[in-house]
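# Reading the structure
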Amino acid sequence: MNIEKGKISPESRLRFRVQLTYLCLSALLILLIFWNINAGSVALSPSEILEILFGTTENEVAYHIVWDIRLPRLLAAALLGGILSVSGFLLQTFFANPIAGPFVLGISSGAKMVVALVMIVFLGRGIALGSASLIAAAFAGSLISMGFVLVCSGRVRSMSMLVVCGVMIGYICSAITDFVVTFADDAKIVNLHNWSMGSFSGISWENVRVMAVVTLFGMAMAMLLAKPIGACQLGEEYARSMGVNIRRFRVELILLSSILSACVTAFAGPISFVGIAVPQLVRRIFGTSKPLFVIPGCFLGGAGFCLLCDLIARTIFAPTELSISTVTAVFGAPVVIWMMVKRRHKE
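Parameters and conventions
- Residues numbered from 1 in each chain as written.
- Predicted model: local features only at pLDDT ≥ 70, side-chain atom pairs only at ≥ 80, totals over all residues.
- Heavy atoms only, no water.
- Helix = DSSP H or I, 4+ residues; strand = E, 2+ residues; numbered from the N terminus.
- Contact = heavy atoms within 4.5 Å.
- Core = buried A, V, L, I, M, F, W, Y, C linked by side-chain atoms within 4.5 Å.
- Buried < 20%, exposed > 50% of the residue type's maximum accessible area, 1.4 Å probe, protein only.
- Phe/Tyr/Trp six-rings, centres within 6.5 Å; stacked < 30°, edge-to-face > 60°.
- Disulfide = S-S within 2.5 Å.
- Axes fitted to C-alpha atoms, helices over the stretch in contact; angles between N-to-C directions.
- Parallel < 35°, antiparallel > 145°, perpendicular 65-115°, else oblique.
- Left-handed = near helix turned anticlockwise from the far one by under 90°.
- Nonpolar A, V, L, I, M, F, W, Y, C, P; charged D, E, K, R; others polar.

Here we come to the side chain of Thr177. Structurally, the position occupied by Thr177 is in helix H6 (residues 159-182). Setting aside residues up to four positions removed in sequence, Thr177 forms contacts with Lys112, Met113 and Ala116.

Moving on: the nonpolar core. Generally speaking, nonpolar side chains in soluble globular proteins are found buried as a group. Residues Leu80, Val86 and Phe95 are the most contacted members of the largest nonpolar core, which totals 93 residues. Tallying contributions element by element places helix H3 (residues 60-95) first for this core, with 17 residues.

Another aspect to go through is the packing of aromatic side chains. Per the counting criterion, the structure on display carries 5 aromatic pairs. Relative to Phe273, the ring of Phe103 has its centre 6.2 Å away and its plane inclined at 35 degrees; by these criteria the two rings are tilted. Within this pair, whereas Phe103 is found in the loop between H3 and helix H4 (107-123), its partner Phe273 is found in the loop between helix H12 (246-268) and helix H13 (274-286), the two being separated by 170 residues in sequence. Exposure remark for Phe103: the relative accessible area of 32% places this residue in the partly exposed category. Joined through ring pairs, the aromatic side chains of Tyr63, Trp67 and Trp205 make up one cluster.

One pass over the full model with this rule turns up 0 disulfides. In this structure Cys173 is a free cysteine whose sulfur lies 12 Å from that of Cys152, the closest cysteine sulfur available. Since its relative accessible area comes to 7%, Cys173 is described here as buried. Cysteine Cys309 remains unbridged, with the sulfur of Cys306 as its closest cysteine sulfur at 6.3 Å. Relative accessible area serves as the criterion here: at 0%, Cys309 is assigned to the buried category.

What follows deals with the packing of H3 against H12. Following both chains from N to C, one finds H3 and H12 inclined at 150 degrees, their axes separated by 9 Å at the closest point. With respect to H12, the axis of H3 lies roughly antiparallel. In this structure, H3 meets H12 at a crossing whose hand is left-handed. Contacts between H3 and H12 involve Leu80, Ile83, Leu84, Val86, Ser87, Leu90, Leu91, Thr93 and Phe94 on the former and, on the latter, Arg250, Leu253, Ile254, Leu256, Ser257, Leu260, Ser261, Cys263, Val264, Phe267 and Ala268. The residue inventory of the contact of H3 with H12, partitioned by class, reads 15 nonpolar, 4 polar and 1 charged.

What follows is the structure in structure tokens.
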């Protein structure tokens with residue numbers, strides 16, 4: 001640490017605070033993982049969980065429940081929650097708006113609409129779709145919604161009006177999705193209703209592998225964009241003086257945030273408020289907006305937040321399961337309201 005006249009420098013103090021927060025978030029994540037493995041109709045002790053994880057158990061039923069149902073689900077919740085939070089941070093950087101996010105701007109709803117349409121067309125003809133096809137469809141839907149949002153952003157100067165435009169786009173996409181799902185006959189297509197409400201159920205190991213690849217790619221790209229993001233936070237003129245190609249940077253930011261949110265929607269449906277609330281809370285806890293610190297913090301925070309919300313969704317009214325968006329809205333909406341009120345007071 002840099003020590004001058006017996007005092008710790010602000011930079012060292014910030015790094016210590018960030019490292020301590022990383023440690024706490026990681027510990028919380030491990031606790032939630034074990035809690036998610038344990039919670040359910042079949043309760044397991046810590047020793048039984050360890051035996052199952054290391055393959056030394058003789059209880060085949062418990063082994064199947066953990067390895068084929070609970071582990072894929074909790075890994076999906078952690079991975080998708082993490083990248084959804086990072087996607088929200090990227091969108092907030094792009095629009096310079098603290099309440100921008102994939103759900104609020106209608107990007108998740110656009111992805112949901114295209115995935116639903118593609119699934120109905122192909123499943124109705126008996127054609128199964130792979131994970132890559134679902135992500136591609138969701139990505140196309142994300143870009144369509146993002147295109148409308150960008151058109152609105154060019155005509156609307158008020159950030160609050162831009163959010164309203166995004167919400168309206170989301171309503172239109174959701175209405176189209178609900179309409180086509182309502183009149184679907186195939187049993188597999190009818191199950192789209194649960195997916196369209198947001199859920200981590202039914203995740204397979206194949207899905208988890210695809211999610212892991214997208215997550216590694218997305219996080220690597222986000223960290224590569226950390227320095228340009230930091231420069232743009234200080235103003236476009238400053239970023240240009242630092243050699244940032246603003247046009248290319250904006251395109252990369254749009255594509256990356258769309259890919260991340262598309263992956264989430266393809267596997268779990270639209271999930272509300274994670275992409276808005278978590279990045280803001282992480283900034284608040286860290287006391288900084290530096291991307292090199294905030295991006296990993298957003299991933300850890302989003303992973304923990306979705307693990308907690310999924311745990312509540314499937315256990316609080318068991319055997320009835322709530323949609324994940326219902327729970328995330330309960331915890332995330334108050335954070336968004338608080339941010340809007342605080343922003344209003346500053347203005």
